[in-house]
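# Structural characterization, general
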Amino acid sequence: MIPAPSGATRLYVIVGDPIAQVRSPAGVSAAFAARGHDGILMPVQVAPTNLPDFLSVATRLKNLDGIVVTIPHKFACYQACASATERAHFLRTVNLMRRRADGSWHGDMVDGLGFVGAARAKGIDPSGMRALLVGAGGAGSAIALALVEAGVSELAIHDSATERRDALIGRLNGLGKASVRAGTVDPAGFDFVANATPAGMKQGDPLPVDVGRLAPSAYCGCVITKPEVSPFIAAARKAGCVTGTGTDMYQQHQGIMVDFLLHGDGEG
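The rules we used
Residues numbered from 1 in each chain as written. Predicted model: local features only at pLDDT ≥ 70, side-chain atom pairs only at ≥ 80, totals over all residues. Heavy atoms only, no water. UniProt positions renumbered as here; feature names shortened; annotations may be inferred. Helix = DSSP H or I, 4+ residues; strand = E, 2+ residues; numbered from the N terminus. Buried < 20%, exposed > 50% of the residue type's maximum accessible area, 1.4 Å probe, protein only. Contact = heavy atoms within 4.5 Å. Lys, Arg positive; Asp, Glu negative; His and termini not counted. Charge placed at Lys NZ, Arg CZ, Asp CG, Glu CD. 1 Å grid on protein atoms, 1.4 Å probe; cavity = no way out; pocket = protein on both sides within 12 Å on 5 of 7 lines; lining within 4 Å. Points joined across faces, edges and corners; volume = space filled by probe spheres on them. Nonpolar A, V, L, I, M, F, W, Y, C, P; charged D, E, K, R; others polar. Pairing = 2+ DSSP bridges. Axes fitted to C-alpha atoms, helices over the stretch in contact; angles between N-to-C directions. Expected span 1.5 Å × (residues − 1). Bend = angle between axes of the 7 residues up to and from the residue. Arc of directions from axis to C-beta.

- Looking at an unreviewed UniProt entry, the chain carries the name Shikimate dehydrogenase, with the source organism given as Bradyrhizobium xenonodulans.
- Quoted verbatim from the Pathway (unreviewed entry) field of the UniProt record, the comment on the chain reads "Metabolic intermediate biosynthesis; chorismate biosynthesis; chorismate from D-erythrose 4-phosphate and phosphoenolpyruvate: step 4/7."

### Some remarks on the overall build of the chain
- Regarding its fold elements, the chain presents 9 helices and 12 strands.
- With respect to the principal axes defined by its C-alpha atoms, the chain has extents near 55 × 40 × 35 Å.
- Counting the 268 residues in the chain, one finds 52% classified as buried.
- Long-range contacts, defined as pairs at least 24 residues apart, comprise 69% of the intrachain contacts of the chain with a sequence gap of at least 6.
- The centroid of the 24 positive side-chain charges in the chain is displaced by 2 Å from the centroid of its 23 negative side-chain charges.

### Thoughts on the layout of surface pockets
- Its volume calculated, the largest pocket comes out at about 840 Å³.
- Lining the largest pocket are 43 residues, and of these Ile-71, Lys-74, Ala-139, Ala-196 and Val-223 lie nearest its centre.
- Elements supplying a minimum of two residues to the lining of the largest pocket: strand S3 (64-69), helix H3 (74-79), helix H6 (138-149) and helix H9 (246-263).
- Among the elements that line the lining of the largest pocket, the one with the most residues is H9, at 5 residues.
- Of the residues belonging to the lining of the largest pocket, the class tally is 22 nonpolar, 15 polar and 6 charged.
- Quantified by volume, the second largest pocket comes out at close to 150 Å³.
- Residue composition of the lining of the second largest pocket, by class: 3 nonpolar, 1 polar and 3 charged.

### Topic: unusual backbone geometry
- Of note, the bond from Asp-17 into Pro-18 is cis; its omega dihedral lies within 30 degrees of zero at 10 degrees.
- When you line up the elements, Pro-18 lands in the loop between strand S1 (10-16) and helix H1 (24-34).
- Each neighbour pair has its own omega, and for Lys-226 with Pro-227 the value is 5 degrees, a cis peptide bond.
- Looking at the secondary structure, you find Pro-227 in the loop between strand S11 (219-222) and helix H8 (231-238).
- Even without glycine at this site, Arg-92 takes up a positive phi of about 60 degrees.
- Positionally, Arg-92 belongs in the loop between helix H4 (86-91) and strand S5 (96-99).
- Taking the relative accessible area as the measure of exposure, Arg-92 reaches 45% and is therefore partly exposed.

### Quick look at the sheet that holds S5
- Within the open sheet, the 6 strands sit side by side as S2-S1-S3-S5-S6-S4. Their pairing is mixed. Each edge of the sheet is formed by a strand with only one pairing partner; in this case those strands are strand S2 (39-45) and strand S4 (83-84).
- Across the sheet, H9 lies against S1, S3, S5 and strand S6 (105-108), angled at about 25 degrees from S5, the strand it touches most.

### Some details on H9
- Given a rise of 1.5 Å per residue, 18 residues ought to cover 26 Å, and the 25 Å separating the end C-alpha atoms of H9 matches this to within 8%.
- In H9, a bend of some 40 degrees at His-253 exceeds every other bend along the element.
- Those residues of H9 that sit buried are Gly-246, Thr-247, Asp-248, Met-249, Tyr-250, His-253, Gln-254, Met-257, Val-258, Phe-260 and Leu-261.

### Some remarks on helix H2 (residues 51-60)
- Along H2, the residues classified as buried are Leu-51, Phe-54, Leu-55 and Ala-58. For H2, the arc enclosing every buried residue in end-on projection is 95 degrees, short of the 170-degree limit, so these residues lie on one face. Looking at H2, the residues exposed on the side facing more than 90 degrees away from the buried face are Pro-52, Asp-53 and Arg-60.
- Tucked into the core, H2 has its buried residues touching S1, S2, S3, H3, S5 and S6.

As structure tokens, this is what we get:
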């Protein structure tokens, strides 16, 4: 049960465009209440052209303690952070911002932790697997790093924005932990297939991969939360694959998000 807000309630917002698909306001607000914190998370829809104005105002709101960031603002919000975690600096993107003691913002990026956590919750350990990732945006880059850190033997990344894809591949190969290369929409031969694109949020969207080439033994994960079962996940289930939805991912990283937002020491 979420208590009714009062004038003393601390405010948190989730910013995106679109925003109707997000599921975190109720879950995070309930988690705040469960921890005895008088706070509430509210959705705000802000177009990319208006994001600088929004952040300028947000920084001046004295009762706004944190911002959750969703598409398409994760890269731009990183630029607005005065400090960030090591992984956020590596990825140059954030999905969480917490107020520092000096009023500026500290950022982190936990999408990858949630995605890999959802796979592990289904009994899938990515270690040693050959993985295909579609999408090298904010969530995609975080998932790519998490898969490399989880010990995949190979990671192929497909994104129509080739410059962004190649920059991410270069940074990941610099870690020396896995072989990372450009991929295609063909999932044949991969043990782990991840969709980190919005493909499937709108009716008529193309599928992110050639689902007819999926191996039944492959794990398929998706970042989309609405519809809860994306067309890609539906097709993967029909092929006999173990799957993880965007909601599974969110459930894994909600606790991580709340921990970060309430840490409150200013920077670390």
